[in-house]
Amino acid sequence: MFRRFPVWLVLGLILVLPATTAYLQDLVCPPLVERALTEAGDQCANLPRNAACYGFNQVNAAFNVEVPEDFFSEPADVSELVTVQSLNTAPLDEALERWGVAVMNVQANLPNSLPGQGVRLILFGDVQLENAVPADQAVLPATPVDVVVNTSANIRSGPSTRTNVIGNAAPGTALPADGVNPAGDWVRVDAGDSGIGWIFRELITPAGDLSTLPTISEESRTPMQAFQFRTGLGPLSCSEAPSALVLQGPEGVKVNITANGVDISLGSTIVLQTDDTNMYLMTVDGEAEANGLRIPAGYMAESPLDEDGQGASFGNRRRISREVLEEMGWLDGLPESLLNYPIDVPTYDQVRPISTPVPQATAVPGQSTAPTNLTPVVSDGTVDCSTFRASSPLDGARFGFQTFYWDPAPGATSYRLSVVGLGSVEVPATQTTVDYDLAGLGGVFSMTWFVEALNNGAVACRSLDVTIPRESPPPMQAFWGCIDQAGNFDIAWQDLPPDTTSLRFNLPGGPTSPGDGYEIPAPPRSGRQQFTMRDNVYGASVTALPSGQTVGLGDLACFSTIG
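Positions within a chain are numbered from 1, following the residues in the order the chain's sequence is written. At least 70 in pLDDT is required for a residue's local features to be given in this predicted model, at least 80 for side-chain atom pairs to be given and counted, and no such filter applies to totals for whole chains, interfaces and linings, which use all residues. Hydrogens are left out, water is left out, and the side-chain values use all remaining heavy atoms of the structure.

A. Quick look at the overall build of the protein chain. Helix and strand definitions here come from DSSP, where helices need a minimum of 4 consecutive H or I residues and strands a minimum of 2 consecutive E residues; each element is numbered from the N-terminal end. Counting its regular elements, the protein chain contains three helices and 41 strands. Contact between two residues is taken to exist if any of their heavy atoms lie within 4.5 Å; hydrogens are not considered. Long-range pairs, those at least 24 residues apart, make up 62% of the contacts in the protein chain with a sequence separation of at least 6. Here the protein chain displays about 24,000 Å² of accessible surface, and carbon together with sulfur accounts for 50% of that area. Residue-level accessible areas treat just the shown protein chains as cover; the underlying method is Shrake-Rupley with a 1.4 Å probe.

B. The arrangement of the pairing of strand β1 (residues 51-56) in detail. Summary of the burial criterion: residues with accessible area below 20% of their type's maximum are buried, those above 50% are exposed, and those between are partly exposed, where the area comes from a 1.4 Å probe applied to protein chains only. With six of six residues buried, β1 is to be regarded as a mostly interior element. Two strands qualify as a pair provided DSSP detects at least 2 bridges between them. Pairing analysis gives five bridges linking β1 to strand β5 (residues 101-106), with the strands arranged antiparallel. Residue pairing across strands places A52 opposite M104, the latter belonging to β5.

C. The side chain of S392, seen in detail. Inspection of the secondary structure puts S392 in strand β26 (residues 389-392). Polar contact is the term for a pair of N or O atoms within 3.5 Å; when the atoms are in protein, one must be able to donate a hydrogen and the other to accept it, and sequence-neighboring residues count only if both atoms are side-chain atoms. There is a polar contact of 3.3 Å between the side chain of S392 and the side chain of R294. Among all residues touching S392, those that are not within four sequence positions of it are R294, T403, F404, Y405 and W449.

D. Structural detail: the pattern of salt bridges. By salt bridge we mean one thing: a side-chain nitrogen of Lys or Arg within 4 Å of a carboxyl oxygen of Asp or Glu. Counted under the stated rule, the structure contains 14 salt bridges. For E39, the salt bridge is made with R35, and the minimal N-O distance between the two is 3.1 Å. Within this pair, E39 and its partner R35 are both found in helix α2 (residues 31-43), separated by four residues, close to a single helical turn. Judged by relative accessible area, which is 27%, E39 ranks as partly exposed. For E519, the salt bridge goes to R504, with nearest N and O atoms at 4.0 Å. Residue E519 is found in strand β38 (residues 518-521), and its partner R504 is found in strand β36 (residues 502-506); the two are separated by 15 residues along the sequence. Judged by relative accessible area, which is 28%, R504 ranks as partly exposed. One connected set of salt bridges, linked through shared partners, spans R35, E39 and E97.

E. Highlighting the environment of G172. Secondary-structure assignment places G172 in the loop between β10 (165-169) and β11 (174-180). Sequence spacing of G172 and T205 is 33 residues, and the spatial spacing of their C-alpha atoms is 9.6 Å. Every residue in contact with G172, bar those within four places of it in the chain, is listed here: V148 and V149.

F. Spatial organisation of the state of the cysteines. Here, a disulfide means two cysteine sulfur atoms that sit within 2.5 Å of each other. Applying the stated criterion to the full structure yields two disulfides. Two residues, C44 and C53, share a disulfide whose sulfurs are 2.0 Å apart. Every disulfide takes its handedness from the sign of the S-S torsion; for C44 and C53 that torsion is -80 degrees, giving left-handed. A single burial state applies to C44 and to C53, both of which are buried. Paired by a disulfide, C385 and C461 hold their sulfur atoms 1.8 Å apart. Taking the torsion about the S-S bond as the criterion, the C385 to C461 disulfide, at about -75 degrees, is left-handed.

G. Highlighting the sheet that holds strand β4 (residues 84-89). Pairing is mixed across the open sheet formed by eight strands, whose spatial order is β2-β4-β7-β15-β17-β18-β21-β22. The strands lining the two open edges of the sheet, one partner per strand, are β2 (59-63) and β22 (293-296). Across this sheet, the average inter-strand angle for adjacent strands is 25 degrees, counted without regard to direction. In this description, a line fitted to the C-alpha atoms serves as the axis of each element, helices being fitted only across the stretch in contact, and the angle between N-to-C directions of two axes falls anywhere from 0 to 180 degrees.

H. Expanded view of the nonpolar core. Nonpolar cores were defined as sets of buried Ala, Val, Leu, Ile, Met, Phe, Trp, Tyr and Cys residues, with membership established by side-chain atoms within 4.5 Å. M104, F227, L247, L272 and L331 are the most contacted members of the largest nonpolar core, which totals 76 residues. Not counting residues up to four positions away in its chain, the partners in contact with L272 are F227, F229, T231, A244, L245, L247, A259, I264, Y280 and L281. By size, the runner-up hydrophobic cluster in this structure holds 27 residues, among which are F404, A409, Y415 and A453.

I. Highlighting the packing of aromatic side chains. We call Phe, Tyr and Trp rings a pair once their centres come within 6.5 Å, taking the six-membered ring for Trp, and we label the pair stacked below 30 degrees between planes, edge-to-face above 60, and tilted otherwise. If you walk through the whole model with that rule in mind, you get 15 aromatic pairs. Grouped by ring-pair contacts, the aromatic residues W480, F489, W493, F505, Y518 and F531 constitute a single cluster. One cation-aromatic arrangement involves R319 over Y348; the distance from NZ or CZ to the ring centre is 3.9 Å. Criterion for a charge above a ring: Arg CZ or Lys NZ at most 6 Å from the ring centre, at most 35 degrees from the ring normal. Over the face of the ring belonging to F450 we find R462, whose NZ or CZ atom lies 3.7 Å from the ring centre.

J. Region of interest: the sheet that holds β5. Across the sheet, which stays open at both edges, the nine strands sit in the order β3-β1-β5-β6-β16-β19-β20-β23-β24 with antiparallel pairing between neighbours. Each edge of the open sheet carries a strand with a single partner, namely β3 (78-80) and β24 (315-319). Direction aside, the axes of adjacent strands within the sheet are offset by 20 degrees on average. Pairing of β5 with strand β6 (residues 119-124) involves six bridges; the strand directions are antiparallel. The residue bridging V103 from the neighbouring strand is I122, located in β6. Along the sheet face, α2 touches β1, β5 and β6 and points at about 145 degrees away from the line of β1.

K. Spotlight on unusual backbone geometry. Following S392, the chain continues into P393 via a peptide bond in cis, with omega recorded as 5 degrees. Residue L545 is joined to P546 through a cis peptide bond whose omega torsion reads 10 degrees. One can find P546 in the loop between β40 (537-545) and β41 (550-556). Although it is not a glycine, F72 sits at a positive phi angle of roughly 50 degrees. Here F72 is to be found in the loop between β2 and β3.

L. Region of interest: the environment of L293. Its location among the elements puts L293 in strand β22. Given a relative accessible area of 19%, L293 falls into the buried group. Taking the C-alpha atoms as reference points, L293 and S313, separated by 20 residues in sequence, lie 8.9 Å from one another. With residues near it in sequence (within four places) discarded, L293 still touches A288, A301, F314, G315 and R317.

M. Layout of the side chain of S220. Mapped onto the fold, S220 is located in the loop between β14 (204-206) and β15 (226-231). At 2.7 Å, the side chain of S220 and the backbone nitrogen of S217 are in polar contact. Setting aside chain neighbours within four positions, we find S220 in contact with V139, T215 and Q225.

N. View of the environment of R162. Looking at the element boundaries, R162 is found in the loop between β9 (153-156) and β10. Owing to a relative accessible area of 51%, R162 belongs among the exposed residues under this scheme. Remark: the alpha-carbon pair of R162 and A409, spanning 247 residues in sequence, is separated by 8.1 Å. Look past the residues within four positions of R162 in its chain and what remains in contact with it is D384, S386 and P410.

Written out as structure tokens, the structure reads:
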């Protein structure tokens, strides 16, 4: 149990730690902060998986085994995670030259066939973290055992025929296996591009002893894959330095962790913080998911904490404010040696708003209504429709590209996503998500979609229609830039209004070629046009017709001397 701390700062005001020397100086940050980051990056570079590193003074640690007096007491010291019971990093104290930084590389649910990759957990400032995986219950990595597929076999997302197929393996294919299910009749394998999945034991011949592999169940956790934590908060001054827990998974790979009792899936970089009553999750890039709630980049959500610091379901998903996103820019400059990949914090304008009213799903005419409006209502008897449903988005869609999700129907050979008024797209049974550009719907503010599970081209299951609001079109944008010093420049635009039939370039003060008032018929929503100026251009702008939306470009000058 963690001691409770009173907090006067409303969360959402994340403390900032800029990344560059100039930025640090601009915000009057202490040199100690800059030094701490630099040294932690040097001290904890190349951290092996399932290990913790003492990054910068001061880090207090407790272990579940006896250790020497000087163990994990100085920067660059490393410990195996399985022996770590807790870590406590210190808040900034300039007088004592103290600001705690600790780094962990957690294997989580990643297979051992992906050497070195893990979830990076970085503790900055006032953070207390306790390992919630008992040492005697932790799943420890084992050397993978190669298995050879005897016959054409499905690779599934879980150890059951009731889970979806994520790939296939041809006879003679060799795959590395790193675990077995409790019953021993399924083996977890690394299927390369298809991802990590499970194959039925009778369909393979092992090249080694499968009994050397750990047993993996839904409850299995590697060291520190589950943890209890709390962070301190302080005033919005760089001199106070941030107190935050930053997590980053391998790029393009989803991993699972449990924080304060709440399961979180991340294919991204997230920041976790607490106050006296809540835990907050902020997605910096990629996407996170907790208890079915998707939290994309630029959004945050919160979970209430009980008296023991245990969380519940995340809710109150909302956009991170412009000020906070700007303050989070310090993450962009964290030493790359501490990360799996460089962080790119989005600007406020890059984050598209999502409306969140209650979803309205409509029943399919002539078909019976199921207990929930998202349950499939058709079955051909050969495909298991019991778990098939449209799962996201249910509360609102973006204007442009939107990711659609659905729960699988075991036995289906393919899926077909349909957006009413726009069209359909069919994907193989190994895929339960589609990225679809909704811009073709024009400026409508409501849309309907559904998904079908197919069996050799025939509809086996069909979700009910999901009718949801759609965000308003993003504002039109335009920019200009010099190509050379001879007067050549181009004008770029994006997010034209949906009803745009032509684009007019207003270039007074020229002359230019093409000239003032030049129009492009049927322009793409995003594009560019090249021009040549023979004199400076004053008060230029771009206008979309017939809406009349106009973006000013200001004065253009691509050479200093007019010939």
